Amino acid sequence: MLVHIKEIIQKAEEGGYAVGAFNTFNLETTQAILRTAEENKSPVIIQISEKTIKYASVKVIAEIMKSVAEVEAPNVPVAMHIDHGKSMENIKAVIENGFTSVHFDGSEFEYEENIVKTKEAAEYAHEKGCFVQGELGTIVGAKNINQNELEDLSELMTKPEEAQEFVERTEIDTFAPSVGAMHGMFKGGEKIDQERLKKIRESVKIPFVLHGASGVAKEDIKEAIQNGVRVVNIDTRLRKEFTFALRETLAQDIEEIDARKFLVPSIEAMQKAIKEKMDLFGSTNKA
Ligand SMILES: [Zn+2]
């Protein structure tokens, strides 16, 4: 059942747990996410990236999300969100198509410019009754980091003294700090700077969103939830599950040409990973 994201986040805040924000890009990924939410009686955030908009168009993917939510997840709260929205055009388009939350990613700009641009996006979204997530600091990914340089990450992380000003001036509703998690999955390099998170929490009282959580250890995630994380983004892990299962299924029967058959194990593999995350975040049975 589609709801405004604020309902989901408020309940998570009161209950001290986090909700998964899972990326979808097509019908099958959407089915996997929303079926698992229904089965686990878990609230869920389903999100798309600008790459998915390019791939499927806002209207088409939004209609898939809405109809699957209606048919396959009638008893659990579902909210639609755009992850790493960089263009105002896309932000506007998703709001028009029923999204109740947008991430405006101005992290590539200098501090002052990030504030001005994020505030602009927030003003627009708020007029439309939509939640806004802002990002400060660089959440690095496979593209912009060399695995051998992992120890230098702290320079790119959110500075606690800037976080308070950023949140106040932009008037965002949720905050994505850079605290050590990275986009993509890294071999043993990711560690959340919990002390930094605690420090930010002292002055920033709005809910935190953890990006790049696919490769973060369970205990680290749990501690981050205790330190104010209410939304955890999962993308890479799901794509991995989908693709690895597909490769295996196709290799097992090279004669099979029915996608309605060979995509099923991919959906199921994703569901297993999503359930594991919902249990870890504490959102299972919270619908
Ligand atoms: Zn992210």
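Position numbers for residues count from 1 along each chain, tracking the sequence in the order it is written. Owing to the predicted nature of the model, reporting of local features is limited to residues with pLDDT of at least 70; listing and counting of side-chain atom pairs is limited to 80 or more, with chain, interface and lining totals taken over all residues. Note: side-chain values were computed over all heavy atoms of the structure, leaving out hydrogens and water.

### Thoughts on the coordination of the zinc ion
Right, so step 1: The coordination sphere of the zinc ion, as far as protein atoms go, consists of His-84 (NE2), His-183 (NE2) and His-211 (ND1), spread over 2.0 to 2.1 Å.
Right, so step 2: Donor atoms are limited to N, O and S found within 2.8 Å of the metal ion, a distance that becomes 3.2 Å for Na, K and Ca. With water left out, some sites might look partial. Binding-site remark: the zinc ion is held by donors from one chain whose sequence spacing is H-x98-H-x27-H. Highlighted residues: His-84 in strand β3 (residues 78-85) and His-183 in the loop between β6 (174-177) and α8 (194-203), separated in sequence by 99 residues.
Right, so step 3: Each residue is assigned to one of three classes by its accessible area relative to the maximum for its type, calculated with a 1.4 Å probe on protein chains only: buried under 20%, partly exposed between the two thresholds, exposed over 50%. Residue classification places His-84 among the buried positions, given a relative accessible area of 17%. Each helix is a run of H or I in the DSSP string that is no shorter than four residues. Each strand is a run of E no shorter than two, and both are numbered from the N terminus.

### Things to note about the environment of Lys-92
Right, so step 1: By the secondary structure assignment, Lys-92 is in helix α5 (residues 88-96).
Right, so step 2: Exposure remark for Lys-92: the relative accessible area of 35% places this residue in the partly exposed category.
Right, so step 3: Sequence separation between Lys-92 and Glu-256 is 164 residues; the distance between their C-alpha atoms is 42 Å.

### Regarding the environment of Ala-21
Right, so step 1: Its location among the elements puts Ala-21 in strand β1 (residues 19-23).
Right, so step 2: Since its relative accessible area comes to 0%, Ala-21 is described here as buried.
Right, so step 3: Along the primary structure Ala-21 and Ser-49 are separated by 28 residues, whereas in three dimensions their C-alpha atoms are 12 Å apart.
Right, so step 4: With residues up to four places along the chain from it excluded, the contact list for Ala-21 reads Ile-45, Gln-47, Val-231, Val-232, Asn-233 and Ile-234. Residues are treated as being in contact if the distance between any of their heavy atoms lies within 4.5 Å.

### Section: the side chain of Glu-28
Right, so step 1: Tracing the backbone shows Glu-28 in helix α2 (residues 27-39).
Right, so step 2: Buried charge without a partner: Glu-28 forms no salt bridge, and the closest opposite charge is Arg-35, 8.6 Å away.
Right, so step 3: If sequence neighbours within four positions are ignored, Glu-28 has contacts with Phe-242, Leu-263 and Ile-267. When charges are counted, Lys and Arg are positive and Asp and Glu negative, with His and the chain ends excluded. What counts as a salt bridge is simple: a side-chain nitrogen of Lys or Arg found within 4 Å of a carboxyl oxygen of Asp or Glu.

### Quick word on the pattern of salt bridges
Right, so step 1: Following the criterion strictly, the structure yields 20 salt bridges and no others.
Right, so step 2: The closest approach of N and O atoms between Lys-119 and Glu-171, which form a salt bridge, is 3.4 Å. One end of the pair, Lys-119, is in helix α6 (residues 111-127); the other, Glu-171, is in the loop between α7 (160-170) and β6, with 52 residues separating them in the sequence.
Right, so step 3: Judged by relative accessible area, Lys-119 falls into the partly exposed class, the value being 27%.
Right, so step 4: With a closest N to O distance of 3.1 Å, Asp-193 and Arg-196 form a salt bridge.
Right, so step 5: Several salt bridges converge on common partners, so that one network encompasses Glu-13, Arg-201 and Arg-230.

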